[in-house]
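Geometric and topological summary
One letter stands for each residue in the lines below.
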Amino acid sequence: MFKVNENYLNLRGSYLFSNIAKKVAAFTEANPDKEIIRLGIGDVTRPLTPTIINAINKATDEMAHEETFRGYAPDLGYDFLRNAIAEHDYKARGCNIEPDEIFVSDGAKSDSGNIQEIFSVDNKIAVCDPVYPVYVDSNVMAGRTGTFNEATEQWSNVVYMPSTAENGFVPALPEGDAPDIIYLCLPNNPTGTTLKKEELQKWVDYANEHKSVIIFDAAYEAYISEIDIPHSIYECKGAETCAIELRSFSKNAGFTGVRLGFTVVPKALKSADGHALHPLWARRHGTKFNGAPYIQQRAGEAVYSAEGQKEIKGLVAYYMENAKMICEGLEAAGFTVYGGVNAPYIWMKTPDNMSSWDFFDYLLKEVNVVGTPGSGFGPSGEGYFRLTAFGKHENTKAAIERIKSIKL
Ligand code: MLT
């Protein structure tokens, strides 16, 4: 008689973006004549750029010939891509990361959910609140989060590090017992906040001192516009002994439908009892993953070519124009907004102290605009709402006009 993994029964409803998709589908079915504008999930809308398309076409062509056909990719990634990543994302920024410390994958979402598997179930996690919901959900699945408190909306075994307007969305270092695993997402999804290098250095020093590990999600690093913000945690001294970094091609190069990302696990990173994480993650990759497809990895390599770099800067600029349009439009209409400077997300206060989900329902029903309720990212997100800058210009402009028209 089989039984299910009971940890899964502890999950709170559907995954945030699946929940939103269901609500929007139900609304659309009931209101087929309404034209909905989606600024909810952070999904890109610009097509892949010419250099990337050429690389995909060339790699696809190779697959058609016996001499150049490829079967299984190396499970940790092709050298051509790992070398390009090490060169451009790390060596160029003065970070001491070698190609064989880079694990190519099908995206940062899977890696951010899977990486917790190599840690003890007894480890205590800390998350910024609000933050990307995959971190907590995947730890619930692992049975690491304890019990859920309905009143506080918190898990008993999770350290929440509130990031609110009151602290400028910059979480304080944990007090008391040090957490074992600290998730940092910078630029932050959803608030858009960043840390300067000296601020991030304090987290690295804290982690090294307390033998904690930082899981640093840098999926939005391409959106950093200010000069004194690190793009990688390895720009900080000593990060190789305490940090794992997650990266994605989704947001910088528009690969949300292509699927490609990578995780850096430095060889110097060891648990308090001396176990290196690198071979464990390699073992996990080898067992559960057959490598990201050749065609995708060639597309990833093209991102680092001179032309590719120019083109993806254009994509980022396009989305950041949307971010500016959203911020300026909402501010002019009297809304309080944050983010949108180093990140493609705008974090706004809901008007009239509406709850995040009430505002979601209101916007969907009254002006047919979809956003993301802040409370879906954690209890401190209650009373906030996230809009993505990844839409098309014309839709973004129209959505802002619609939001400005609401009379509460
Ligand atoms: C988001 O909207 O937060 C992201 O698109 C989710 C993701 O990257 O998986």
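Note: the structure precedes this text.
Residues numbered from 1 in each chain as written. Predicted model: local features only at pLDDT ≥ 70, side-chain atom pairs only at ≥ 80, totals over all residues. Heavy atoms only, no water.

Every residue close to the ligand is listed here: Phe17, Ile41, Gly42, Lys109, Tyr132, Asn189, Tyr220, Lys251, Tyr345 and Arg386. Here an oxygen atom of the ligand and a side-chain polar atom of Tyr132 are 2.6 Å apart. The contact in question runs from an oxygen atom of the ligand to an N or O atom on the side chain of Arg386, over 2.7 Å. Surface burial for the ligand is 86%, taken as the share of its 260 Å² of free accessible area covered by protein chains. Split into classes, the residues belonging to the shell around the ligand amount to 5 nonpolar, 2 polar and 3 charged. Composition of the shell around the ligand by domain shows at least three residues from each of domain 1 (13–47 + 308–404) and domain 2 (53–305). (Near = heavy atom within 4 Å. Polar contact = N/O pair within 3.5 Å; in protein donor to acceptor, adjacent residues only side chain to side chain. Areas by Shrake-Rupley, 256 points an atom, 1.4 Å probe, with all protein chains shown as cover. Nonpolar A, V, L, I, M, F, W, Y, C, P; charged D, E, K, R; others polar. Domains from an automatic or database assignment.)

The mixed open sheet is built from 7 strands, whose spatial order is β2-β10-β9-β8-β7-β3-β6. The strands lining the two open edges of the sheet, one partner per strand, are β2 (102–105) and β6 (158–162). Averaged over neighbouring strand pairs, the angle between their axes works out to 20 degrees when direction is ignored. As judged from the 5 bridges shared by strand β3 (residues 125–129) and β6, these two strands associate in the parallel manner. Residue Asp129 lies in a different strand from β6, and its bridge partner there is Pro162. In this fold helix α6 (residues 134–141) packs onto β3, β7 (181–185) and β8 (213–217), with an angle of close to 150 degrees to the strand it touches most, β3. (Pairing = 2+ DSSP bridges. Helix = DSSP H or I, 4+ residues; strand = E, 2+ residues; numbered from the N terminus. Axes fitted to C-alpha atoms, helices over the stretch in contact; angles between N-to-C directions. Contact = heavy atoms within 4.5 Å.)

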